[in-house]
Amino acid sequence: MSDTDRIMAEIRRLKAEKNAVILAHNYVAGEIQDVADFVGDSLELSIRAAKLKADRIVFCGVRFMGETGKLLSPDALVVLPAPDADCPMARMASAPAVRAMREKHPDAVFVAYVNSTAEVKAQVDICCTSGNAERVVASIPPGKEIVFLPDRNLGANLMKKLGRPMILWDGCCPIHDQVTPEMVKRARTAHPGAPLLVHLECRPEVVALADAAMSTAGMLKFVQESAAEEFIIGTESGILHRLGRENPGKRFHALEPELICRDMKKLTLPMVLEALKTGQTPVELARELQTPAADAIRRMLEL
Ligand code: 13P
Ligand code: SF4
């Protein structure tokens, strides 16, 4: 038995002993995805967290994902195996800055991408993920001013798709924002005919060159339903594990090999084992944030 197999066996034993559930994002290391009870995109993980009856949830993703899990499953012990794994984009909007923006736009509807802190979620009207952003923005009455934060690229892509003006925060995902039209041209030349799927966090000029732009769950669905045999994937490399495992007859080419989120890669299998064993590090949220932040997430889930 390899070390990895031994750790996985111990994780499975402890999960049962502690009535624990492991949730993992599509970007974490493949071996963590393999031992998780559920792997998904941010929207799917939120829906799952809202329905869970576990005593302990080990959230394998970045901090905002664990916070969302805690907001939706407040009675469970929600544990982050790598507490310093944080989404840099989520740090690009602070609660005081959002409050200041609210003073400038008192009648606007504030929409926060879930890639934001719980403090920021507590300041907004509704959340969205890349999987439901279109539906969320389309649900806002026409003529209402909208402030969208923190991802300027997702916001700009939505404005284009829906033909709806929005005031955009100046944040972005450092990984997806580095994708350029030149990279697209190179990948298209190397893999002619392969559909190019990119994440909605890419810049609009990149999205314009892609065959489809969507969330990570959207990519998995697109590939399953497509007759194509190879694909160019423009998002964080962790998704390639699931794409390969669930589609054994198909081939996947990373748009760029460096599309790696260092924070997602901070999580390791031994850390997951340790988190299960010790319950460290729990997500703790200030009491006054819980209701307003959870309400903003619930409003999106109700749509
Ligand atoms: P998903 O909404 O596809 O889960 O993406 C989250 C994310 O962090 C993308 O960088
Ligand atoms: Fe945040 Fe980008 Fe990493 Fe997603 S890939 S967690 S948006 S830094």
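Residues numbered from 1 in each chain as written. Chains lettered and ligands numbered in written order. Predicted model: local features only at pLDDT ≥ 70, side-chain atom pairs only at ≥ 80, totals over all residues. Heavy atoms only, no water.

**Re helix α14 (residues 287–302)**
The criterion, for reference: Helix and strand definitions follow DSSP, with helices as H or I runs of at least four residues and strands as E runs of at least two, each counted in order from the N terminus. The length a helix should cover is 1.5 Å for every residue beyond the first. Only protein chains enter the accessibility calculation, which uses a 1.4 Å probe. A residue is then buried if its area is under 20% of the maximum for its type, exposed if over 50%, and partly exposed in between. Contacts are assigned to residue pairs with any non-hydrogen atoms lying within 4.5 Å of each other.
A rise of 1.5 Å per residue sets the reference length of α14, with its 16 residues, at 22 Å; its end C-alpha atoms lie 23 Å apart and thus fit the reference within 8%. For α14, every residue scored as buried is listed here: Leu289, Ala293, Ala294, Ala296, Ile297 and Met300. Against α3 (42–51), α4 (63–72), α6 (118–121), β6 (126–128) and α7 (133–138) lie the buried residues of α14.

**A word on the pairing of strand β9 (residues 196–199)**
Two faces, one strand: in a regular strand the side chains alternate between the faces of the sheet. Operational definition: Any two strands are treated as partners once DSSP identifies two or more bridges connecting them.
Residues Leu196 and Val198 line one face of β9 and the alternating positions Leu197 and His199 line the opposite face, and both faces are buried. Relative to strand β11 (residues 230–234), β9 runs parallel, the two being bridged by 3 bridges. By the bridge assignment for β11, Leu197 is matched with Ile233. Of the pairings in the sheet, the one linking β9 to strand β10 (residues 212–214) comprises 3 bridges and is parallel in character.

**Comments concerning the site of ligand 1**
The condition that has to hold: Definition of nearness: a residue and a molecule or strand are near each other if at least one heavy atom of the residue lies within 4 Å of the molecule or strand. A 3.5 Å cut-off defines polar contacts: any pair of N or O atoms within that distance qualifies, except that in protein one atom must be a possible hydrogen donor and the other a possible acceptor, and neighbouring residues in sequence count only when both atoms are side-chain atoms. Accessibility throughout is a Shrake-Rupley quantity obtained with a 1.4 Å probe, and a residue counts as covered only by protein chains that appear here. Definitions used for this entry: grid spacing 1 Å over protein atoms alone; cavity, a set of points where a 1.4 Å probe fits but cannot get out; pocket, an open set with protein on both sides within 12 Å along at least 5 of 7 lines; lining residue, one with an atom within 4 Å of a point. A molecule is counted as occupying a cavity or pocket when more than half of its atoms fall within 2 Å of that pocket's grid points. Nonpolar residues are Ala, Val, Leu, Ile, Met, Phe, Trp, Tyr, Cys and Pro. Charged residues are Asp, Glu, Lys and Arg, and all others, Gly as well, are polar.
Lining the immediate environment of ligand 1, one finds His25, Tyr27, Asp41, Ser42, Asn115, Ser130, His176, His199, Glu201, Ser215 and Thr216. His25 is positioned with one of its side-chain polar atoms (N or O) 2.7 Å from an oxygen atom of ligand 1. Calculation on ligand 1 without its partners gives an accessible area of 300 Å², and the protein chains cover 96% of this total. In a pocket analysis with a 2 Å cut-off to the grid points, ligand 1 is assigned to the largest cavity. Grouping the amino acids of the shell around ligand 1 by side-chain chemistry returns 1 nonpolar, 8 polar and 2 charged.

**With respect to the sheet that holds strand β7 (residues 146–149)**
What counts is decided by this rule: An axis is simply a line fitted to the C-alpha atoms; with a helix, the fit covers only the stretch in contact. Between two such axes, the angle follows the N-to-C directions and lies from 0 to 180 degrees.
Taking strand neighbours across the sheet as the criterion, the 4 strands line up as β6-β5-β7-β8 in an open arrangement whose pairing is parallel. The open sheet is flanked by β6 and β8 (167–168), the only strands paired with a single partner. Relative to β8, β7 runs parallel, the two being bridged by 2 bridges. Note that in β8 the partner of Phe148 across the bridge is Leu168. Contacting β5 (109–113), β7 and β8, helix α5 (residues 95–104) runs over the sheet at an angle of about 155° to β5.

**Here's the deal with the packing of helix α11 (residues 216–225) against helix α12 (residues 239–246)**
Inclusion rule: Angular relationships are summarised with four words: roughly parallel below 35 degrees, roughly antiparallel beyond 145, roughly perpendicular across 65 to 115, and oblique for the angles in between. By convention, the crossing between two helices is left-handed when the near helix turns anticlockwise from the far helix through less than a right angle, and right-handed when the turn is clockwise.
As a packed pair, α11 and α12 sit with axes 11 Å apart at the nearest point and diverge in direction by 25°. Regarding the angle of α11 to α12, the classification is roughly parallel. Two packed elements cross with a definite hand, and for α11 against α12 that hand is right-handed. Contacts between α11 and α12 involve Thr216, Met219, Leu220, Val223 and Gln224 on the former and, on the latter, Ile239, Arg242, Leu243 and Glu246. Of the residues that constitute the contact of α11 with α12, the class distribution is 5 nonpolar, 2 polar and 2 charged.

**Focus on the site of ligand 2**
Ligand 2 sits among Tyr27, Val62, Cys87, Pro88, Met89, Asn115, Cys173, Ile175, Glu201, Cys261 and Met264. Judged by the fraction of its atoms near the pocket grid, ligand 2 is located in the largest cavity. Residues that form the shell around ligand 2 fall into these classes: 9 nonpolar, 1 polar and 1 charged.

**Some words on helix α8 (residues 152–162)**
By the burial criterion, the buried members of α8 are Asn153, Leu154, Gly155, Ala156, Asn157 and Leu158. Taken together, the buried residues of α8 touch β5, α7, β7, β8 and α10 (204–207). N-cap assignment for α8: the residue whose side-chain oxygen lies 2.9 Å from the backbone N of Asn153 is Asp151. Positioned one or two residues after α8, Gly163 has a phi angle of 60°, which is positive.

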